[in-house]
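Analysis of the macromolecular model
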Amino acid sequence: MQLKAKISSKYLNEILSGRKDVEYRQFGNGDEMVLTDERGRSITMVITGMEQLVMGLGESVMAKHTDVNWDKEKPIFMIGLKPKRNSTKGLT
């Protein structure tokens, strides 16, 4: 997975110097995520919200989606999405 985001020079300098190792973000207001499958099809989605799943719910998601190679040491985030207008043209 690759995420791209803009950052201010001040915070990038802190990361590069080793003084900052955590980044905080809010999602919504038109932020986008591009989803691409193994066949190369892509769709741009608008992020409507994001939250970390609580204990128990993460395990339930893992049990329901056994085709995914989950890392049990990492948190799972639920990302609310809606298709960006006209992003599904030609997608089959």
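This text goes with the structure placed above it.
Given the structure is predicted, the values throughout are model-derived calculations rather than measurements. (Residues numbered from 1 in each chain as written. Predicted model: local features only at pLDDT ≥ 70, side-chain atom pairs only at ≥ 80, totals over all residues. Heavy atoms only, no water.)

Quick word on the sheet that holds strand β1 (residues 32–36)
Strand order in the open sheet made by the 3 strands is β1-β2-β3, with antiparallel pairing throughout. Of all the strands in the sheet, the pair left with one neighbour each is β1 and β3 (77–83). Taken pair by pair, the neighbouring strands of this sheet meet at an average axis angle of 50 degrees, ignoring direction. Sheet topology places strand β2 (residues 42–52) next to β3; 7 bridges connect them, and they run antiparallel. When the bridges of β3 are listed, M50 appears paired with I79. (Pairing = 2+ DSSP bridges. Helix = DSSP H or I, 4+ residues; strand = E, 2+ residues; numbered from the N terminus. Axes fitted to C-alpha atoms, helices over the stretch in contact; angles between N-to-C directions.)

Things to note about the pattern of salt bridges
This structure, assessed with the given rule, holds 4 salt bridges. With a shortest N-O distance of 3.0 Å, E23 and R25 are connected by a salt bridge. The class of E23 is partly exposed, set by a relative accessible area of 35%. On the basis of relative accessibility, which here comes to 39%, the residue R25 falls in the partly exposed class. For the salt bridge of R41 with D37, the shortest nitrogen-to-oxygen distance reads 2.6 Å. Bridged by salt links that share partners, the residues K20, E23 and R25 form one connected network. (Salt bridge = Lys/Arg side-chain N within 4 Å of Asp/Glu carboxyl O. Buried < 20%, exposed > 50% of the residue type's maximum accessible area, 1.4 Å probe, protein only.)

A look at the layout of surface pockets
Each pocket or cavity is described by its volume, and for the largest pocket that value is around 1,400 Å³. M1, L3, M33, M50 and I79 are the residues nearest the centre of the largest pocket, which is lined by 33 residues in total. Elements supplying a minimum of two residues to the lining of the largest pocket: β1, β2 and β3. Residue classes in the lining of the largest pocket are distributed as 19 nonpolar, 6 polar and 8 charged. Of the voids in this model, the second largest pocket is the one considered here, and its volume is about 160 Å³. Lining the second largest pocket, in full, are Q52, L53, V54, M55, G56, G58, E59, M62, K72, K74, P75 and I76. Sort the elements by how many residues they give to the lining of the second largest pocket and helix α2 (residues 57–64) lands first, with 3 residues. A per-class count over the lining of the second largest pocket returns 6 nonpolar, 3 polar and 3 charged. (1 Å grid on protein atoms, 1.4 Å probe; cavity = no way out; pocket = protein on both sides within 12 Å on 5 of 7 lines; lining within 4 Å. Points joined across faces, edges and corners; volume = space filled by probe spheres on them. Nonpolar A, V, L, I, M, F, W, Y, C, P; charged D, E, K, R; others polar.)

Looking at the pairing of β1
Note that β1 and β2 share 5 bridges and pair antiparallel. When the bridges of β2 are listed, T36 appears paired with S42. In sequence, β1 turns back onto β2 through a hairpin of 5 residues, with G40 there showing a positive phi of about 90 degrees.

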